[in-house]
Amino acid sequence: MPILNSTSLETHLETQAILYPTLRHLVQLLPWNYLRVREYLQEQAKQNPFLRQNSENREALLEDVLPNWYSPIARELSLQEHLRGQISALSLTSRRREALIHLTKWLSSSGYLEESPQVWAAESPWSASELKAVVPLLQNLDPPGVGARSLQECLLLQLQDRPHSLAALLVRDNLEDVANCVGNSNEARQNQQLLLEKLQQRLLELPTLKALTAAILEIQMLEPRPGRNFSYYPASIVTPDLKAEFHANSWQVSLVYEASREFCLDEEAFATLNQYPNNPRLATLLQQAQSLLTALNQWQENLLKVGQFLVERQQAFLVSKDSLDLVPTPQQLVAQSVGLSDATISRIVRERYLLIGQKPCQILPLRSLCPPIGVGGRTSRQIQQLIIQLIQEEPTTKPYSDEQLAQLLKLRFGMAIARRTVVKYRQLAGIDASAARKLSKSRNNKVPK
């Protein structure tokens, strides 16, 4: 009988992901904008003799690559940049840090925080309450007084280390009177005396005229415009990769800059390769140049494919510029429609911008054309707007509860929505609960006797 060997044979199957050169280059290029891609190609051309930048385009590059309205000029540090440096050093969660950076975009040239929490939160991943909660963090940064909503708040922020001083008291309760006391005129002296008498009627510790004069001088030394010593660039300068224009009753998408026209294979290098046909180093460099240019062409094709799909889907929004006209378009839908992977779509729409050619021209993030689907096939912004509309119509004495809002959304708009979901979108819109709204409206409706 044959003897059976106790050792058995086993077969192991293993899969290993291999990125071919062209695909590897494409994955690297996808998240970059044109300027970053062009910079990378220029670096590669310095190292690879087979990759050449077209000489006939070099003069045009100086003027055409960066038109004046895209190009940043040499400038001093902006207030936003000064604040971002401090924010990066704070011990915060990443979400609160990003919220704080977002808030700096709403600072005026004087350093004041403009608009309301609802406006700050619009089209952002943060709720109005989240952004309102980080305002004190902004106001604790340098320069003192930054992030104030009024002159009074700006001055008080600069006096917060001595809140019980006479100067702080004057700013808090008598700022208009202080303005009338400045100067050496007889009228200013009379106003100083009147203000002193007013203070002596209120304060237990009676101030003297000398102390009042010193406090007014201290207020005059404060900075009413904390942002004056910084350059002002509230919005970062961006370079769009795609341009949408309306021609012949349809929207057409094109590349703002075609990098593939600037770079090509160097014919002189081929002659060198023919002289040394067995040189593996030259063969490798040629393969790298060819795969890079192939990836570059595919990069441009993918941009155009995704841009054209989004523009055709969001035609109503491109005409009205109203975010309520945006059609829900999750990135998974884009991927299925254009035949690319979800990861590829994510890389393409991230940090990439679209120039809308219709006057007035507008530049917007490509990802803003990909709003996710919310309840009832509507975007988050649309649901918030419907809730705001219902609350604007509610009775003053009996504001709608969240349960009633859910019922009204179902009856009037056909949206089957749970009460807790209403709460989420109501809070995103920066709207108080029904009890707080009732209290606020009752106070506003009181007529003073």
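Residues numbered from 1 in each chain as written. Predicted model: local features only at pLDDT ≥ 70, side-chain atom pairs only at ≥ 80, totals over all residues. Heavy atoms only, no water.

S.K.: Any chance you could explain the overall build of the protein here in plain terms?
M.R.: Along its length, the protein carries 22 helices and 6 strands. Counting over 449 residues, the protein shows a buried share of 38%. For the protein, the proportion of contacts with a sequence separation of at least 24, taken over those separated by at least 6, is 64%. Working note: accessible area of the protein is about 26,700 Å², and carbon and sulfur atoms make up 51% of it. (Helix = DSSP H or I, 4+ residues; strand = E, 2+ residues; numbered from the N terminus. Buried < 20%, exposed > 50% of the residue type's maximum accessible area, 1.4 Å probe, protein only. Contact = heavy atoms within 4.5 Å. Areas by Shrake-Rupley, 256 points an atom, 1.4 Å probe, with all protein chains shown as cover.)

S.K.: Teacher, can you tell me more about the confidence of the model for the protein here?
M.R.: Atomic detail in the predicted coordinates should be set aside for any region of low pLDDT. Confidence in the prediction for the protein averages 81 pLDDT; 85% of positions are at 70 or higher. Averaged pLDDT values over the elements of the protein bottom out at 34 in helix H3 (residues 58-65) and peak at 95 in helix H8 (residues 135-139). Low confidence marks residues 56-75, where pLDDT is under 50. Its contacts with residues over four positions away, or in another chain, come to 33 contacts. (pLDDT = per-residue confidence, 0-100.)

S.K.: Would you explain the side chain of Thr 104 in this entry?
M.R.: Residue position: Thr 104 is located in helix H5 (residues 94-104). Residue class for Thr 104 comes out buried when judged on its relative accessible area of 0%. Apart from the residues lying within four places of it in its own chain, the contact partners of Thr 104 are Gln 80, Leu 83, Arg 84, Ile 87 and Leu 138.

S.K.: What is the right way to read the packing of helix H20 (residues 402-413) against helix H21 (residues 419-428) from this model?
M.R.: The description of two packed helices rests on the angle between their axes and on the distance between the axes. Where H20 meets H21, the closest approach of the two axes is 8 Å, and the angle between their N-to-C directions is 100 degrees. Classified by the angle their axes make, H20 and H21 are roughly perpendicular. Residue-level inspection shows Asp 402, Glu 403, Leu 405, Ala 406 and Leu 409 of H20 in contact with H21, the latter providing Arg 419, Val 422, Val 423 and Arg 426. For the contact of H20 with H21, the residue count by class is 5 nonpolar, no polar and 4 charged. (Axes fitted to C-alpha atoms, helices over the stretch in contact; angles between N-to-C directions. Parallel < 35°, antiparallel > 145°, perpendicular 65-115°, else oblique. Nonpolar A, V, L, I, M, F, W, Y, C, P; charged D, E, K, R; others polar.)

S.K.: When you look at the nonpolar core in this model, what are you seeing that I'm missing?
M.R.: Within soluble globular proteins, side chains that are nonpolar tend to cluster in buried spots. Ranked by internal contacts, the top residues of the largest apolar core, which has 49 residues, are Trp 299, Val 306, Leu 310, Ile 345, Leu 354, Leu 366 and Leu 369. Counting residues per element, this core draws most heavily on helix H15 (residues 280-313), which supplies 14 residues. Leu 100, Leu 113, Ala 128 and Val 134 belong to the second-largest nonpolar core, a separate cluster that totals 19 residues. (Core = buried A, V, L, I, M, F, W, Y, C linked by side-chain atoms within 4.5 Å.)

S.K.: Looking at this structure, how should I read the pairing of strand E3 (residues 250-255)?
M.R.: Side-chain positions along a regular strand alternate between the two faces of the sheet. The alternating pattern of E3 places Trp 251, Val 253 and Leu 255 on a buried face and Ser 250, Gln 252 and Ser 254 on a face that is not buried. Relative to E3, strand E2 (residues 242-247) is paired through 6 bridges, and the arrangement is antiparallel. Paired with Glu 245 across the two strands is Gln 252, which belongs to E3. Here E2 hands over to E3 after 2 residues, with Ala 248 in that stretch at a positive phi of 50 degrees. (Pairing = 2+ DSSP bridges.)

S.K.: Teacher, can you tell me more about unusual backbone geometry here?
M.R.: Negative phi is the rule for most residues except glycine; trans is the rule for most peptide bonds. The amide bond that connects Asp 142 to the next residue, Pro 143, takes the cis arrangement and shows omega of 5 degrees. With respect to the helices and strands, the residue Pro 143 is situated in the loop between H8 and helix H9 (151-158). Backbone geometry places Glu 115, a non-glycine residue, at a positive phi of 70 degrees. By the secondary structure assignment, Glu 115 is in the loop between H5 and helix H6 (117-121). Given the relative accessible area of 51%, Glu 115 is considered exposed. Notably, Asn 249 is not glycine yet its phi reads approximately 65 degrees, a positive angle. Positionally, Asn 249 belongs in the loop between E2 and E3. Taking relative accessible area as the criterion, Asn 249 reaches 70% and is therefore assigned exposed.

S.K.: Any chance you could explain helix H1 (residues 21-29) here in plain terms?
M.R.: Within H1, burial applies to His 25, Leu 26 and Leu 29. Taken around the axis of H1, the buried residues stretch over an arc of 100 degrees, which confines them to a single face. Contact partners of the buried residues in H1: helix H2 (34-47) and H15. (Arc of directions from axis to C-beta.)

S.K.: Which parts of the structure should I look at to understand the pattern of salt bridges?
M.R.: Oppositely charged side chains may form a pair once their charged atoms are brought near each other. Within the structure shown, the criterion is met by 15 salt bridges. Among the salt bridges present, the one from Arg 95 reaches Glu 130, with a minimum N-O distance of 2.8 Å. You can see Arg 95 sitting in helix H5 and its partner Glu 130 sitting in helix H7 (residues 128-133), a full 35 residues away along the chain. Ionic pairing is found between Glu 394 and Arg 437, a salt bridge with its closest N-O pair at 3.0 Å. In this pair, Glu 394 sits in the loop between helix H19 (380-393) and H20 while Arg 437 sits in helix H22 (residues 434-445), placing the two residues 43 residues apart along the sequence. The class for Glu 394 is buried, based on a relative accessible area of 6%. (Salt bridge = Lys/Arg side-chain N within 4 Å of Asp/Glu carboxyl O.)

S.K.: How should I be thinking about the sheet that holds E2 in this particular structure?
M.R.: Strand pairs in the sheet, formed through backbone hydrogen bonds, run parallel or antiparallel to each other. With mixed pairing, the 4 strands of this open sheet are ordered in space as E3-E2-E5-E6. The open sheet has two edge strands, E3 and strand E6 (362-365), and neither has a second partner. With strand direction ignored, the average angle separating the axes of adjacent strands in the sheet is 30 degrees. In this sheet, strand E5 (residues 353-356) lies alongside E2 in parallel orientation, the contact comprising 3 bridges. Each bridged residue has a counterpart across the sheet, and for Ala 244 the counterpart in E5 is Ile 356.

S.K.: Looking at this model, I keep getting lost on the packing of helix H4 (residues 79-87) against H5. Mind explaining?
M.R.: Viewed as axis vectors pointing N to C, H4 and H5 meet at an angle of 165 degrees, and their least axial separation amounts to 10 Å. Classified by the angle between their axes, H4 and H5 sit roughly antiparallel to one another. When you trace H4 past H5, the crossing you get is right-handed. Note on element contacts: H5 touches H4 through Arg 97, Leu 100, Ile 101 and Thr 104, opposite Gln 80, Leu 83, Arg 84 and Ile 87. The class makeup of the residues in the contact of H4 with H5 is 4 nonpolar, 2 polar and 2 charged. (Left-handed = near helix turned anticlockwise from the far one by under 90°.)

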